[in-house]
Amino acid sequence: MKDIFERLRKGETIPADDPEGYKMREASYATKKLLVRLNDSSDPAEVRKLLGQITGTTIDDSTALFTPIYINYGKHTRIGKNVFINFGCTLLDLGGITIEDDVLIGPNVSLLSEGHPVSPDERHSLEVGHIYIKHNVWIGAGATVLSGVTIGENSVIATGAVVTKDVPDNVIVAGIPAKVIREIST
């Protein structure tokens with residue numbers, strides 16, 4: 001059996017009784033220790049350094065993060081250059097989250113690459129799907145992006161939208177579930 005984190009990155013559903021399930025909780029507690037320090041810091045360089053430790057990557061100096069932020073794992077998140085993440089965002093990244101360059105993320109946005117099956121018999125299993133946020137996207141305050149969604153380049157996610165399906169390039173989406181309301185001329 002492959003490592004649980006490898007299986008998650010490949011999009012496999014993890015059953016509730018998976019023998020490696022405990023590893024997800026242990027990793028989450030280790031991330032929480034770093035998050036406490038990160039969310040207590042007002043020094044942008046320290047925030048980037050701690051976020052880099054959480055993600056296992058280098059966070060570019062052009063990226064800014066206003067705390068608090070909530071992350072359950074971190075190692076499956078990739079953040080590009082010149083990214084801005086506002087207060088109160090939640091990243092559940094066991095399924096993977098990629099944020100390309102020049103992305104703006106408003107306050108209280110939730111990027112949820114994880115979920116559960118609808119079937120009551122399987123509900124405690126974990127389903128995952130990679131979230132991919134392409135170059136120059138703007139996600140408005142309080143929006144939620146669900147697992148498996150790709151948001152196209154230059155697109156805007158309206159405040160409070162719930163994105164359940166892929167978003168094309170150069171559009172504005174709004175509503176629950178989010179739908180294209182207009183194109184953006186480039």
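Refer to the structure above for everything that follows.
## Here we look at the side chain of histidine 76
Thinking step 1. Structurally, histidine 76 is set in the loop between strand E2 (69-71) and strand E3 (77-79).
Thinking step 2. The exposure class of histidine 76 is buried, given its relative accessible area of 5%.
Thinking step 3. Only 2.8 Å separates the side chain of histidine 76 from the backbone oxygen of leucine 94, close enough to count as a polar contact.

## Here's the deal with the packing of aromatic side chains
The geometry of an aromatic ring pair is captured by the separation of the ring centres together with the interplanar angle, meaning the angle of the planes.
Thinking step 1. Taken as a whole and assessed by the stated rule, the structure comprises three aromatic pairs.
Thinking step 2. Between the aromatic rings of phenylalanine 5 and tyrosine 73, the centroid separation amounts to 4.6 Å while the plane-to-plane angle is 0 degrees, which identifies the pairing as stacked. You can see phenylalanine 5 sitting in helix H1 (residues 4-9) and its partner tyrosine 73 sitting in the loop between E2 and E3, a full 68 residues away along the chain.
Thinking step 3. When its relative accessible area of 13% is taken as the criterion, phenylalanine 5 is described as buried.
Thinking step 4. The buried category is assigned to tyrosine 73, whose relative accessible area is 11%.
Thinking step 5. When the ring of phenylalanine 66 is compared with that of phenylalanine 87, the centres are 5.0 Å apart and the planes differ by 50 degrees; the resulting orientation is tilted.

## Quick word on unusual backbone geometry
As a rule of thumb, non-glycine residues mostly have phi less than zero, and peptide bonds are mostly trans rather than cis.
Thinking step 1. The step from threonine 67 to proline 68 runs through a cis peptide bond, and the omega angle for that step is 10 degrees.
Thinking step 2. Among the structural elements, proline 68 can be located in the loop between strand E1 (64-65) and E2.
Thinking step 3. Along the chain, isoleucine 176 connects to proline 177 via a cis peptide bond; the corresponding omega equals -5 degrees.
Thinking step 4. Relative to the assigned elements, proline 177 resides in the loop between strand E17 (171-174) and strand E18 (179-183).
Thinking step 5. Unlike most non-glycine residues, asparagine 136 shows phi in positive territory, near 65 degrees.
Thinking step 6. Within the secondary structure, asparagine 136 sits in the loop between strand E11 (131-133) and strand E12 (138-139).
Thinking step 7. Of note, asparagine 170 is a non-glycine position whose phi angle comes to about 60 degrees, a positive value.

Reading the values: the criteria
Residues numbered from 1 in each chain as written. Predicted model: local features only at pLDDT ≥ 70, side-chain atom pairs only at ≥ 80, totals over all residues. Heavy atoms only, no water. Helix = DSSP H or I, 4+ residues; strand = E, 2+ residues; numbered from the N terminus. Buried < 20%, exposed > 50% of the residue type's maximum accessible area, 1.4 Å probe, protein only. Polar contact = N/O pair within 3.5 Å; in protein donor to acceptor, adjacent residues only side chain to side chain. Phe/Tyr/Trp six-rings, centres within 6.5 Å; stacked < 30°, edge-to-face > 60°.

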